Amino acid sequence: MPQRSKGARLYLRKRAGREPVYVILDGAKEVGTGCGPGDVAAANEALRDYLARTFRPDTGQRDLAQITVAEVLTLYAQEVAAHRKSAGMIGYNMKALLPFWGGKSLADVKGSTCRKYVEFRSDSGSSRRPVKPAASRRELKTLSAAINHWHRESPALCRKRTKTP
């Protein structure tokens, strides 16, 4: 039985005839940081950047209460939005969505919370400048697209459609 992966971590690689250097070990993959033993802070920063680049949420999760909206938006940004001409607008919408939706789960996404979001965005109390309801509804379309992408990536969550005679 294979050993379970320890995840990405820093390792001080020592080689004969060379200076020791920190590398990132991630399974069988080894990525150099270019940082020596005296530069631990920069090595940690390199690890943090590596984790941010390679993060992919677990689409096998079945309980909607365990899936955060932030994970759904992250997956959408990495796999879909980055390859679209409208990536800038999608990024703007996501930046607006995260203060309200970031800590909520997919189980919290319903009509009542979407209406609360529209109120939140049109209220001057939000961290961003207030917008008209139409703008916040466009932002919710980005959330909808991200959720649909999540469900396409995790077919176990999608119900099979059956035709009624």
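Here we summarise the structure given alongside this text. All of these numbers come straight from a predicted model, not from anything done at the bench. (Residues numbered from 1 in each chain as written. Predicted model: local features only at pLDDT ≥ 70, side-chain atom pairs only at ≥ 80, totals over all residues. Heavy atoms only, no water.)

1. Here's the deal with the side chain of H149
The line we're drawing: The helix count covers DSSP runs of H or I at least four residues long, the strand count covers runs of E at least two residues long, and both are numbered beginning at the N terminus. Two N or O atoms form a polar contact when they lie within 3.5 Å of each other; inside protein one atom must be a possible hydrogen donor and the other a possible acceptor, and for residues adjacent in sequence the pair counts only when both atoms belong to side chains. Residues count as neighbours in contact if any of their non-hydrogen atoms are within 4.5 Å of one another.
Looking at the secondary structure, you find H149 in helix α5 (residues 133-153). A distance of 2.9 Å separates polar atoms of two side chains, one belonging to H149 and the other to E79. Look past the residues within four positions of H149 in its chain and what remains in contact with it is L75, Y76, E79 and V80.

2. Quick notes on the pairing of strand β3 (residues 29-35)
For clarity, the cut-off: Pairing between strands requires that DSSP locate at least two bridges from one strand to the other.
Strand direction decides the pairing type here: strand β2 (residues 21-26) and β3, joined by five bridges, are antiparallel. If you follow D26 over to β3, its bridge partner there is K29. Taken together, β2 and the strand that follows it, β3, pair antiparallel across an intervening segment of two residues, in which G27 is found at a positive phi of about 65 degrees.

3. Here we look at the pattern of salt bridges
For clarity, the threshold we go by: We define a salt bridge as a contact between a side-chain nitrogen of Lys or Arg and a carboxyl oxygen of Asp or Glu at a distance within 4 Å. Per-residue accessibility, obtained with a 1.4 Å probe over protein chains only, is compared with the maximum for each type, and a residue is labelled buried under 20%, exposed over 50%, and partly exposed between these values.
Counted under the stated rule, the structure contains four salt bridges. We note a salt bridge from E30 to R13, for which the minimum N-O separation is 2.6 Å. Taken together, the residues span a long stretch of sequence, with E30 in strand β3 and R13 in strand β1 (residues 9-13) at a distance of 17 residues. Look at R13 and you get partly exposed, because its relative accessible area is 21%. For E45, the salt bridge identified is with R48, shortest N-O distance 2.9 Å. With E45 and R48 both in helix α1 (residues 40-54), this residue pair falls three residues apart, about one helical turn. By relative accessible area, which is 49% here, R48 ends up partly exposed. Several salt bridges share partner residues, and in doing so they unite R13, R15 and E30 into one network.

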